[in-house]
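Descriptive analysis of the structure
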Amino acid sequence: MTDYGHEVELGIFPTPDAATPDRVLELAGLADVLGLDLVTVQDHPYQARHLDAWTLLSVIAARTTSVRVAPNVANLPLRPPAVLAQSVASLDLLSGGRVELGLGAGAFWDPIVAAGGPRLTPGESVDALEEAIAVLRASWSGEGAVRVEGRHHRVVGLHAGPVPAHRVGIWLGAYKPRMLRLTGRLADGWLPSMGYADPDALGEMNAVIDEAATGAGRAPEDVRRLYNVFPGRSGGSGLVGRPADWAEQLASLTLEHGMSTFVLGTDDPGVVQAWAHEVGPALRELVAAERERRASGGAVAAEHPVEAVETVAAHPDPPRARTVVVPTPDDGTRLTGALPWDEASRPRYPVGPGAEEQAGYSDAQLAGPRHLVDVHDHLRSELAQVRDVVDQVARGMLAVGDARSAVNAMTMRQNQWTLGAYCESYCRIVTGHHTLEDQAVFPHLRWTDPDAAPVIARLEEEHEVIHDVLDDVDRALVALVSEEPGALERLRHVVDLLTDALLSHLAYEERELLHPLARHGFH
């Protein structure tokens with residue numbers, strides 16, 4: 001029973017279905033907005049129904065801002081390690097250090113051979129994996145030439161590089177003793193899946209990894225323990241119950257077996273939201289409380305970790321006064337003097353958002369509208385930062401003037417490009433949020449709550465208007481970088497217009513969707 005002390009992380013494992021490519025991109029965008037740590041996809045290059053893993057991960061990285069991406073796991077027999085090293089390093093550089101590498105020795109040998117790969121025995125596949133790790137690490141060093149003269153991978157004289165933006169973790173999907181020993185000796189992480197390595201097998205498998213790590217002069221905690229988990233399925237293994245029941249199960253896995261990064265296999269946006277907003281906070285609270293008990297010398301915690309987790313859950317903090325969801329008010333301030341739509345013509349939902357009207361909802365029901373407010377607060381905060389950066393550029397331009405030197409002019413140009421990258425990133429976030437609503441949330445609410453249909457129709461119309469304003473922001477940025485006359489004034493005007501439209505829209509949406517979301521959820 002071991003807790004390696006790693007920080008708890010959460011990720012998702014959506015299906016890279018080529019028939020519905022937008023869906024996996026929307027799930028990845030949702031994970032990013034919700035603050036999850038990781039998006040992973042399986043890699044089966046011979047599977048005609050799947051998108052190519054590296055192409056998909058590249059698009060996900062380009063459309064997100066903070067979530068890390070990784071193959072789960074890369075198919076080494078069809079990904080030559082020298083090429084894989086450059087792919088990983090390049091995407092890590094392009095994404096600002098947000099790439100990790102899940103790696104497997106190979107399986108499903110018939111389709112691998114059909115795709116032109118080798119057929120290896122189990123022993124040969126482990127040998128090939130060890131050689132590949134040597135190629136990867138040497139390539140990422142950026143020093144000298146790569147020289148790995150293996151039986152399966154021979155790379156001699158290749159110039160090392162490029163160097164990734166950060167130290168990329170190599171996580172091995174391992175189950176058999178020899179693979180587990182390789183993980184302990186060389187890997188940064190262990191990435192098994194529930195169903196292949198169920199909870200009752202983790203202790204023995206961890207022990208093999210720990211022994212190999214110690215024998216190689218490493219500490220067991222040098223190997224992060226990740227775990228692919230799945231909602232419970234009839235007749236099979238998985239997390240028991242609904243998301244509200246999962247935190248205690250996962251906390252036991254962290255405290256007993258050191259599993260600290262949990263990657264959830266799901267294609268359901270509602271489950272992803274619960275994973276981020278219900279499971280994650282409860283899981284971290286349980287783990288932190290138990291670690292604190294152990295650090296303070298709690299005998300029960302040290303001897304009976306499962307009972308300790310149950311005790312923490314069974315004796316929560318004293319009941320708090322029940323709160324209601326307060327939609328963000330619109331104070332009527334307008335920077336441009338007019339909105340691109342008539343606010344008076346907006347439909348209203350039959351029930352108001354007041355505290356009295358919310359009295360019949362449980363905290364779980366109110367989690368939906370509360371989450372909407374949280375996402376909108378993020379958008380409002382980011383909008384304030386966009387406005388601040390625009391103001392900084394304006395002050396810099398006024399200070400520089402026409403008489404400044406060429407060096408100062410180049411510095412200002414860099415400031416403009418920084419502004420462009422920031423604004424474009426923000427525009428993508430807003431567009432992704434609206435796309436998720438238009439394609440998932442709104443159709444669900446329209447179907448389940450006819451009273452909400454007029455409001456949803458109006459919100460969709462306003463999305464179109466806001467997207468037009470975002471396009472104007474893009475055009476104004478191009479004009480600014482091109483030094484067109486009056487470009488800064490134009491940019492400030494369209495950012496003011498975006499502020500007016502977006503703040504009005506977000507307040508309206510929170511007010512009118514409070515009850516539909518409480519009654520019917522997101523999906």
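Structural notes, computed from the coordinates.

What counts and what doesn't
- Residues numbered from 1 in each chain as written.
- Predicted model: local features only at pLDDT ≥ 70, side-chain atom pairs only at ≥ 80, totals over all residues.
- Heavy atoms only, no water.
- Helix = DSSP H or I, 4+ residues; strand = E, 2+ residues; numbered from the N terminus.
- Buried < 20%, exposed > 50% of the residue type's maximum accessible area, 1.4 Å probe, protein only.
- Contact = heavy atoms within 4.5 Å.
- Areas by Shrake-Rupley, 256 points an atom, 1.4 Å probe, with all protein chains shown as cover.
- Pairing = 2+ DSSP bridges.
- Right-handed = clockwise from strand over helix to strand, strands pointing away.
- Expected span 1.5 Å × (residues − 1).
- Bend = angle between axes of the 7 residues up to and from the residue.
- Salt bridge = Lys/Arg side-chain N within 4 Å of Asp/Glu carboxyl O.

**Points about the overall build of the protein**
For the protein, the count of helices and strands is 15 helices and eleven strands. Here the protein holds 523 residues, and 48% of them are scored as buried. Within the protein, contacts between residues separated by at least 24 positions form 77% of all contacts whose residues are at least 6 apart in sequence. Summed over its atoms, the accessible surface of the protein is roughly 23,800 Å², and 53% of this surface lies on carbon and sulfur atoms.

**So, the side chain of Ser139**
Looking at where Ser139 falls in the secondary structure, it is placed in helix H5 (residues 122–141). If near-sequence neighbours (up to four positions away) are discounted, Ser139 is found in contact with Ala85, Val146, Ala160, Gly161 and Pro162.

**Observations concerning the pairing of strand S10 (residues 224–229)**
The buried fraction of S10 amounts to six of the six residues, a majority that puts the element mostly inside the structure. Neither face of S10 is left uncovered, since the one carrying Arg224, Leu226 and Asn228 and the one carrying Arg225, Tyr227 and Val229 both have all their residues buried. Here strand S9 (residues 189–190) runs beside S10; their pairing, made up of two bridges, is parallel. Bridging from a neighbouring strand, Gly189 pairs with Arg224 of S10. Handedness of the crossover is the feature at issue here: the chain leaves S9, passes through helix H7 (residues 199–215), returns alongside S10, and the resulting connection is right-handed. With five bridges connecting them, S10 and strand S11 (residues 259–264) associate as parallel partners. Note on S11: the bridge partner recorded for Tyr227 is Phe262.

**Observations concerning helix H15 (residues 487–520)**
In a regular helix each residue adds 1.5 Å, so 34 residues correspond to 50 Å; H15 covers 46 Å between its end C-alpha atoms and thus fits that length. At Leu513, H15 shows its maximal kink, close to 50°; a proline, Pro516, follows between one and four residues later. For H15, a buried count of 26 out of 34 residues is recorded, marking the element as mostly surrounded by other parts of the structure. Following H15 by one or two positions, Gly521 has its phi on the positive side, about 75°.

**Some points on the sheet that holds S11**
On the basis of which strands lie adjacent, the open sheet formed by nine strands has the order S3-S2-S1-S11-S10-S9-S8-S5-S4 and parallel pairing. The strands lining the two open edges of the sheet, one partner per strand, are strand S3 (68–71) and strand S4 (74–75). For strand S2 (residues 38–41) and S3, the ladder comprises four bridges, and the chain directions are parallel. Counted as the bridge partner of Val39 is Val69 from S3.

**Concerning the pattern of salt bridges**
In the structure shown here, the tally under the stated rule is 31 salt bridges. Note that Asp52 is salt-bridged to Arg79, the shortest N-O span being 3.0 Å. Highlighted residues: Asp52 in the loop between S2 and helix H2 (53–63) and Arg79 in the loop between S4 and helix H3 (81–94), separated in sequence by 27 residues. Asp210 is the partner of Arg225 in a salt bridge, and the nearest nitrogen-oxygen pair spans 2.7 Å. Here Arg225, found in strand S10, pairs with Asp210, found in helix H7; they are 15 residues apart in sequence, far enough to count as distant. A single burial state applies to Arg225 and to Asp210, both of which are buried.

**As for H7**
For H7, built from 17 residues, the straight-helix expectation of 24 Å at 1.5 Å per residue is met to within 8% by its first-to-last C-alpha distance of 25 Å. Every buried residue of H7 is listed here: Leu202, Met205, Asn206, Ile209, Asp210, Ala212 and Ala213. In this structure, the buried side of H7 is in contact with helix H6 (177–186), S9, S10, helix H8 (246–257) and S11. Within two residues after H7, Gly217 carries a phi angle of roughly 80°, on the positive side.

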